[in-house]
Amino acid sequence: MNALRRHRALTRIWASDPGWRGWFTTVNHSDLGRMFLLLAVVYFFIGGILAMLIRAQLASPRSPFMGADVYNQIFTMHGTIMMFLFAIPLFEGLAVYFLPKLLGARDLAFPRLTAFGFWCYAFGGSMLLFALVAGIAPDSGWFMYPPLSSTLGSPGINPDFWLIGITFVEVSAICAAVEITVSILRYRAAGMSLSRMPIFAWYALITSLMILTGFPPLILGSLLLELERAFGMPFFQVELGGDSLLWQHLFWLFGHPEVYIIFLPAAGVISTILPVMARTTLLGYGWVVVAAIALGVLSFGIWVHHMFATGIPHLSLAFFSAASTLVAVPTGIQVFAWLGTIWKGRPHMHLPMLWIVGFFATFVIGGLTGVMVAVVPFDWQVHDTAFITAHLHYVLVGGFVFPMLAALYYWMPHMTGRRRFFKLGETAFWLVFVGFHGTFLLMHWVGLLGQRRRIDTYDAGSGWEVINLISSVFSFIMAIGFVLVLIDVVVNAAVKSRGPRNPWRAGSLEWAMPIPPPAYNFASLPLVTSRDALAASSDLAVRLAKGEGYLGAPRQNQRETLTVDIATGTPNSIVVYPRNTALPMLMAFVTGGMFLGMLIKAYWLVPLAGVGIIAFALRWVWTLGHRSDLGPQDAGHGLMLPYATEVEDPPGWWGSVFLLLANATFFGCLLFGYAFLWTVAPNWPPPAWAIASWPMLGAVVTGAILGPIGIRRAIGAVRREGSPALALGITMIGCACLILSGLSVLMSMPDPTRHAYDATVWVLGGYVLFHTGLAILMTGFLVARAKTGFMAPGRLGEARIVQLWIDYAACISLVAVSATFAPGLLS
Amino acid sequence: MKDLIRLFVPLVLWLASFSAIYGLQAIMCRQGWDQILLIGGFGLAIALQSAVLLGLASRKYGASTKFVRQSSLALGLVGMLAVLWTFAPVVFLSACVAA
């Protein structure tokens, strides 16, 4: 088969559905990456328009431009859109589009999950956009502090849009994070060991792990605040045992890592592009990886530095101040590695490099003001002033937007297959750069003069007038620059000026394919022997097109790629991807129905949508697997590999492991919140503690033993070619016992509105019931799979996935019951 | 997966120690316990971090590839420095005085 025939055959297999239908049924990562990126850019411009409205309002004292009510919605939605609907989805889009290409794979681990995540983002974002247009948008600031955001401060529906809409969007982020993590660990080119991974993949891996552990605290916080608003469960009401500081803890447990979740992908982009622009390799690859890991983990230990003004003890301030200064060290290592890379290379000032230089100038200032506010006495002086607004814009615009614009211009030839013809981009850079510094450098000054953030107006004679006016003028110059970038991209993408395959002479794998990329990425999959695979073998693209790599022969119209061992990159199975389907979009739509039901208080819709989700989920998983053993298959070069459905740890098992990591973080945060209220909130102890009964304790212990034992015996029975029916029955009984214990927890505290303890017990009980219900569903699924021939000694992956969830349900049931009754027993 | 654990465990341990000492401080102030507990916690954190560092340097638990071995040891040292830098205030400051 020659290269052209291979291309035609693979295109037929991998192509999305033609016409408008393709938008809704595509599961291809290039399509979905483009859709993520496009929607994120749309939100960026919406958020930008809101920013211009803010600057118009603040340009003069006592401005009649808009009233306080509207202004509050505008600045809340500006922050919310930029953080949740632009920055994170843009990273997801970038990773979804480029990771398989950088890693030498044909797609991500779970294509349907990518699509589901996109549609959750689209639907969740639409909810917030509707609220903005309808004039009922959230208005309590993007971090939604209660009591301002609780029914006491905001009785209307406005905060509900934020709490429910953002949680819906976060479902998308969690899906993407699971997807990206598993893809980086398992879906790489043959021979791509950890030390040969593209540097962007390291950053994306760390970022995804941070999303999995950083987003659950906010999901929990949003759930608790919505429960308080909708049902009066008093988690944040001091007089009933709650504490508004709990929200601040949960929010910033998410919020500070979020800053690094935004910065790290940008740092990955710089570490990828900078060496190419400097005609060299990245200086200190290993040190950069170490610094990125250190930065990622250390960022979880500094959330309280957003709460320095809340009156916490001196010692706590010292802990978090010390940790906050510490993060400057790994950041500094990366900056010096980049400077060293420029030093050892021969840098060319192409447009991406111009944006990177802009990044250096801006981000370093933001980093230094970050160290300033890490010092407690200084923070007290500038807390909640425009100085903080300026600092965060230096970090986020300098540390994210500028590198992403570098990425845009670096990879635009790859996405469009065209060279840049018009040179508007350079003018746009200078307008944005000068406009940005003119806007925000001055904002430090006005903050030091005492201007508080988020004020809708100020008096003449305050000394802030001229500064604000200049700041507003420069902000419009910056806005013109961004519009010019958009025009530049559209015009250049439209002009048919074909570009060379590798215009920057980069060494990474994404340039070893035709541009714009075909739906299958690589006609055959590469064998990697060095970090810069394309630099090491300049004819790699041609050899791959000729089918000289792995899986070069299309087989049975299947979409195939390889999985590898995590550490060494040795190929270990062949994955067959699903076909185009509308299932992810439909499931996201039904999931949206559940969130909508909660938002408009149509609670009948919630269980109805829940049933729909279960039905779609069963349909989703039923289509996987085989009824017979297919055995090892030829992957090329004489390599025989099993299908991923015939290995012990299929991709779904890894996906479950990382989803459970996020889940366990959620549960850990719930326990933290409980401990926080118990030890710190003023109105404790509650009127009464829950009292344990022996039958209930017996049920939870029995369930926690029978469930895990049953599923293990079922797997053992199948392995011995016996029937798993009895063992699965035991598993069911175990799960039923756990359900009983969850119900007992709920019934021990009949009124969850009485005290924060009672409300917490209800959430613990609900969490147990949800997971044990899920375990029962999964066990039932296994029974059906066993009956229909999907389970066999060589096909135990599904059972091992169910085992993970049953073990988890057993563990959390034991912990939840202990946590519920321990205070009563101790007192 | 073991290599990934080797890379992440030193700083995840620091994070666990950090959270534990912060939590211990809250309980200690609530119950009126002696501050020596916190200093003990500081000592325990150093001991645990040292154990991880020694483990990563050992033939039995350390990585076999040069890249992961060097990176995990560097992260082990970062973890130790993080413990020393962030927990040192327990020796010098009073625990329960509110700002």
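Structure shown above.
Residues numbered from 1 in each chain as written. Chains lettered and ligands numbered in written order. Predicted model: local features only at pLDDT ≥ 70, side-chain atom pairs only at ≥ 80, totals over all residues. Heavy atoms only, no water.

Draft legend 1. Spotlight on the interface of chain B and chain A. Of the residues lining the interface, 37 residues belong to chain B; the matching set on chain A comes to 45 residues. Summing both sides of the interface, chain B and chain A together bury roughly 3300 Å²; the carbon and sulfur share of this comes to 81%. By the criterion of area lost to chain A, the three top residues of chain B are Y22, R30 and F67 of chain B, representing 20% of everything that side buries. In this structure, the connection of chain B to chain A is made through zero salt bridges. Joining chain B to chain A, the criterion identifies three residue pairs in polar contact (both at pLDDT 80 or more). Taken together, the elements giving at least two residues each to the side of chain B that touches chain A come down to α1 (2-31), α3 (66-87) and α4 (89-92) of chain B. The biggest single contributor to the side of chain B that touches chain A is α1 of chain B, with 15 residues. Its residues assigned to classes, the side of chain B that touches chain A comprises 30 nonpolar, five polar and two charged. (Contact = heavy atoms within 4.5 Å. Buried area = accessible area lost by both parts, 1.4 Å probe. Salt bridge = Lys/Arg side-chain N within 4 Å of Asp/Glu carboxyl O. Polar contact = N/O pair within 3.5 Å; in protein donor to acceptor, adjacent residues only side chain to side chain. Helix = DSSP H or I, 4+ residues; strand = E, 2+ residues; numbered from the N terminus. Nonpolar A, V, L, I, M, F, W, Y, C, P; charged D, E, K, R; others polar.)

Draft legend 2. Spatial organisation of helix α11 (residues 328-344) of chain A. Residue and element names in this part refer to chain A. With 17 residues, α11 extends 24 Å between its outermost C-alpha atoms, agreeing within 8% with the 24 Å of an ideal straight helix rising 1.5 Å per residue. Restricting attention to buried positions, one finds in α11 the residues P330, T331, Q334, V335, A337, W338, G340 and T341. Buried residues belonging to α11 abut α7 (199-231), α8 (244-277), α9 (285-298), α10 (314-326) and α12 (351-374). (Expected span 1.5 Å × (residues − 1). Buried < 20%, exposed > 50% of the residue type's maximum accessible area, 1.4 Å probe, protein only.)

Draft legend 3. A look at the packing of helix α4 (residues 68-103) of chain A against α7 of chain A. All names here are of chain A. Closest axis-to-axis distance for the α4/α7 pair is 11 Å, and the angle between their directions is 140 degrees. Note on packing geometry: the crossing formed by α4 with α7 is left-handed. Contacts between α4 and α7 involve F84, I88, F91, L94, A95, L99, L102 and L103 from the first element and F200, A201, A204, T207, S208, I211, F215 and L218 from the second. Of the residues contributing to the contact of α4 with α7, the split by class is 14 nonpolar, two polar and no charged. (Axes fitted to C-alpha atoms, helices over the stretch in contact; angles between N-to-C directions. Left-handed = near helix turned anticlockwise from the far one by under 90°.)

Draft legend 4. Layout of the packing of aromatic side chains. Taken as a whole and assessed by the stated rule, the structure comprises 81 aromatic pairs over all chains. Their ring planes at 80 degrees and their centres at 5.9 Å tell us that W303 of chain A and Y22 of chain B sit as a pair that is edge-to-face. Here the residue W303 of chain A occupies a position in the loop between α9 and α10, and Y22 of chain B occupies one in helix α1, the pair thus bridging two chains. For the pair W303 of chain A and Y22 of chain B, a shared accessibility class is recorded, and that class is buried. Relative to W511 of chain A, the ring of Y410 of chain A has its centre 5.8 Å away and its plane inclined at 85 degrees; by these criteria the two rings are edge-to-face. Of this pair, Y410 of chain A sits in helix α14 (residues 386-416) while W511 of chain A sits in the loop between α16 (465-494) and α17 (533-536), and the two are 101 residues apart along the sequence. (Phe/Tyr/Trp six-rings, centres within 6.5 Å; stacked < 30°, edge-to-face > 60°.)

Draft legend 5. Local environment of the environment of P554 of chain A. By the secondary structure assignment, P554 of chain A is in the loop between α18 (540-545) and β1 (559-564). Residues in contact with P554 of chain A, not counting those within four places in the same chain, are M1, A9, L10 and I13 of chain A.

Draft legend 6. Spotlight on helix α22 (residues 694-719) of chain A. Its 26 residues place the ends of α22 of chain A 37 Å apart at the C-alpha level, agreeing with the 38 Å of an ideal helix rising 1.5 Å per residue. Where α22 of chain A ends, the next residue or the one after it, E721 of chain A, has phi of about 65 degrees, a positive value.

Draft legend 7. Here's a closer look at unusual backbone geometry. All names here are of chain A. Of the consecutive residues P146 and P147, the connecting peptide bond is found in the cis state with omega at 10 degrees. Note on placement: P147 falls in the loop between α5 (111-134) and α6 (158-186). Cis geometry is found at the peptide bond from I515 to P516, where omega equals -5 degrees. Looking at the secondary structure, you find P516 in the loop between α16 and α17. Despite not being glycine, R279 has its phi angle at roughly 55 degrees, a positive value. Overall, the relative accessible area of 35% leaves R279 in the partly exposed class.

Draft legend 8. Here's a closer look at the state of the cysteines. Tallied over the full model, the rule gives one disulfide over all chains. Here C29 of chain B engages in a disulfide with C96 of chain B; their sulfurs sit 2.0 Å apart. In this structure the cystine formed by C29 of chain B and C96 of chain B twists about its S-S bond by roughly -90 degrees; its chirality is therefore left-handed. One end of the pair, C29 of chain B, is in helix α1; the other, C96 of chain B, is in the segment after α4, with 67 residues separating them in the sequence. Take C29 of chain B: its relative accessible area is 27%, and that puts it in the partly exposed class. With relative accessibility at 41%, the residue C96 of chain B sits in the partly exposed group. With no disulfide of its own, C120 of chain A lies closest to C175 of chain A among cysteine sulfurs, the gap being 5.8 Å. With relative accessibility at 0%, the residue C120 of chain A sits in the buried group. (Disulfide = S-S within 2.5 Å.)

The values reported here are purely geometric and, on their own, carry no functional implication.
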